[in-house]
Structure formats: C-alpha cells, structure tokens
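Residue-level structural notes
This is what each chain is made of:
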Amino acid sequence: MMYCVAALAETARTRHAQDTMVSLQDIQQAQALLHDIAVRTPLLEWTGPADQRKLFLKLENLQPIGAFKLRGAYNKVASLSEDDRCRGVISYSSGNHGQGVAYAARALGVKAIIVMPGNAPKNKLEATAALGAEIITVGPGSEERRLRAEELAAEHGYAIVPPYNDEKIIAGQGTVGLEILEDLPNVEMVLVPVGGGGLISGVSAAINLSNPKTKVIGVEPELAADAQASLRAGRIVSFPAEQVSRTLADGLRTQSIGAINFEHIRAYVDDIVTVTEDEIREAMRALSGNAKTLAEPSGAVAPAAFLFHSSELPNTKINVAVISGGNIDPQILREFRKDSRPIE
C-alpha cells in the first residue's frame, strides 16, 4: 500500500510538471516585462579569425547583479498578487538568485528574506544584504535551505520565490535564449550551465520552440552531475550535499533538479556533459584576462566544456557559451591574475 501511495504521488508530481511547461509566448511576455530591468547582454566572439569552430560568449556577468538570475526573479516577483507582495517574499539561494530576488523586491517595494548557506562566498552574502534583504543562514545542503524557507513561509505567510522549479522563473531565464537567437540566428549549438535547471529549462525552451535545429547542451561539474544522471536515468536523481558542496562552482551545488525543470530538460535538451574542477579553474583563468569575460566558477563551466570536451559535443561551427555570472570571490580572482598565461 505504501508503494502504491508513493507511486501515485510521483505520478501526480510528473503530471503537474508537464502541465507547467512554459510556452514561447510566456518567454516573450517575460522579455517585454524585463525591458529596462535586465540588461540585454552582448555576444562576444572569443575565438580568433582563423579558428574554424567559432565560440561566442553570452555575457550574463554584465547584469546589474552580476548574473542572469535577475531575469527570472523579477519575472516571478512582478507576477505576484498585491496581497502576496504586501506579505513579503522569501527565497533560498547559494548567492546569485538571492541577489536577483533582493534586487527585484527592492525595485518593486517588497520585503525580501533570503535563506543562504553559511559557506556561501562572502561577497555574495554581503551583496545580497546590501540590496536590502534579510539574510538567514543554514547548512550547506540545498534541501536544507529550501526546507527552512518553506517553514518560514508557512509561519509568516511569505510568498516563496523558488530559484528554478517555477514556470515564471523559467520564462524569465528563457529570455537569454531569445536574445541569443536574435543576435546570432545561425547559431548551431548553445552551451548552458546547469544547477537546479532554471536557466537551461528556459534557454532550451526558447531555442527549441523557435529554431529546433539548434543544439542545446547542458554543462555541470563532475561533482554535481545530478542533471546528467537524471537525464540518463529518465528520473530525477539526487546527489548528497557532502559531494556537491565540494565543487568550486558554488552556484551549481544543487542536490537535484526541479520536477518542472526535468520535464523541460527531457523535452528540449540534447545532452549534458561534465567538466572537472581543474577544467573549471583553467577556463576561469583564461576568461579572467578580460574584464568583460570575467566569470565566477559557475559561469566558467560552459566555456570549459568547449575548451576541453569538444569530442563530446556536436560537430558545429557557430557556438555560444553562456557565462551565467561574474561574482567571483576577490581572493580567487587575485590568484588567477597572478597566472594569466593563455591556454595552449
């Protein structure tokens, strides 16, 4: 009987996720809403004139909060009812989403509470607080901060702004994909970092629903490759907090992707590849020589896949890698700039 109940619950969750797939119209509406809020970030060609295989970087590190998360966070908070906004919002984040929610809440005159891991980079904790949010710290596990946020929401009536498992969040992040297609219509492959799955859900939906010939490939750290494992298994796979917290890519330390995100990934993503910690570091070092391409660890995973895993990627000539964020710890930046020789 217990098995039957669990199976029915899982089926219900799957059906709910399928019912909340975002449409191209949802993403286009988010794009209109975000006009004059999020920066329309440029594409920068990173490869040289003689390179047969071109790579353009989508510079989401140039957003006002230094990361793409502003797009989904603002789209979600702006969609809330007046009553929800009056009660305040709460979210849970390892850093960048918290800043996005805090920024959106301040712009819309809403109280914001962000549950963050105590081991989040100091610069991200401070930046979120500086935007006016109340910070509550918990342990390193992504599930721990989610559960704490849900407890506080139930206790105080706050509206939850989830980091990725939400159609408004996904639609907002999908505007990245629309911009890529508008600026580079002949793009053949887009590399997207994967944490909880919000960015790749939105980007893959925007691209597949507009130009299904373009390949969308997710990129994860080997230590936090739960999305790849989920795609391979055909079900959501969770990784232990102790393992995912070891990756340098703090923005990708989620233990599992969301149910809604999983359905988008299954429908629209061609593959997910992984990169090592050393490869992330090398990509960060290569990117750190130019202020425009400065990337935090999570933002460097997509370029790392292009640099070190070309044999695992489709044989395409016109490619884009999303630099999802540039909120790099100052100490790490100093270390990379001491050793800024080009990659051979």
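These figures come from a predicted structure and were not determined experimentally. Starting from 1, residues in each chain are numbered consecutively following that chain's sequence as written. It should be noted that, the model being predicted, local features are given only for residues of pLDDT at least 70 and side-chain atom pairs only at 80 or more, the latter also being counted only at that level, while totals for whole chains, interfaces and linings use all residues. The side-chain values count all of the structure's non-hydrogen atoms but skip hydrogen atoms and water molecules.

On a plain count of helices and strands, the protein comes out with 15 helices and 10 strands. When accessible area is computed with a 1.4 Å probe and restricted to protein chains, residues below 20% of their type maximum are described as buried, those above 50% as exposed, and intermediate ones as partly exposed. Per-residue burial for the protein yields a buried fraction of 57% across its 344 residues. Long-range pairs, those at least 24 residues apart, make up 74% of the contacts in the protein with a sequence separation of at least 6. To be clear on the numbers: accessible area is Shrake-Rupley with a 1.4 Å probe, and residue cover counts the displayed protein chains and nothing else. Taken as a whole, the protein presents about 14,100 Å² of accessible surface, with 50% of it coming from carbon and sulfur. Positive residues here are Lys and Arg, negative ones are Asp and Glu, while His and the chain termini are left out of the count. By convention, charge coordinates are those of NZ in Lys, CZ in Arg, CG in Asp, or CD in Glu. Positive and negative charge centroids in the protein, built from 34 and 41 side chains respectively, lie 2 Å apart. Only runs of H or I of at least four residues qualify as helices and only runs of E of at least two qualify as strands under DSSP, and these elements are numbered from the N terminus. In this analysis, two residues are considered to be in contact whenever any of their non-hydrogen atoms come within 4.5 Å of each other.

The next point concerns the packing of helix 3 (residues 69-79) against helix 8 (residues 167-183). As a rule, the C-alpha atoms of each element are fitted with a line to give its axis, helices using only the stretch in contact, and angles between N-to-C directions run from 0 to 180 degrees. Between helix 3 and helix 8, the least distance of the axes is 7 Å, while the angle of their chain directions is 135 degrees. If you check the angle between helix 3 and helix 8, you find them oblique. As helix 3 packs across helix 8, the resulting crossing turns out to be right-handed. Across the interface between the two elements, K69, R71, G72, A73, N75, K76 and S79 of helix 3 pack against K168, I169, A171, G172, Q173, T175, V176 and E179 of helix 8. Asp, Glu, Lys and Arg are counted as charged, while Ala, Val, Leu, Ile, Met, Phe, Trp, Tyr, Cys and Pro are counted as nonpolar; the rest, among them Gly, fall into the polar class. Residues that form the contact of helix 3 with helix 8 fall into these classes: 4 nonpolar, 6 polar and 5 charged. Angles below 35 degrees are treated as roughly parallel, those above 145 as roughly antiparallel, those between 65 and 115 as roughly perpendicular, and all remaining angles as oblique. Each crossing is labelled by how the near helix is turned from the far one, with a counterclockwise turn of less than a right angle marking it left-handed and a clockwise turn marking it right-handed.

Think of a nonpolar core as a cluster: buried Ala, Val, Leu, Ile, Met, Phe, Trp, Tyr and Cys residues, connected wherever their side-chain atoms sit within 4.5 Å. Ranked by size, the top nonpolar core spans 30 residues in total, and within it L57, L191, V219, V275 and M284 carry the most contacts. Those elements giving two or more residues to this core turn out to be strand 2 (54-59), strand 7 (189-193), strand 8 (215-221), strand 9 (271-275), helix 13 (277-287), helix 14 (297-308), strand 10 (318-323) and helix 15 (330-338). Of all the elements, helix 14 adds the most residues to this core, at 6 residues. Every residue in contact with V219, bar those within four places of it in the chain, is listed here: L191, V192, P193, V194, I272, V273, V275, V301, A302 and A305.

With that settled, the discussion passes to the confidence of the model for the protein. Confidence of the predictor at the level of single residues is captured by pLDDT, which takes values from 0 to 100. Scored by pLDDT, the protein has a mean of 92; 92% of the residues are at 70 or more. The model gives residues 1-13 a pLDDT under 50, and that stretch makes 0 contacts with residues more than four places away or in other chains.

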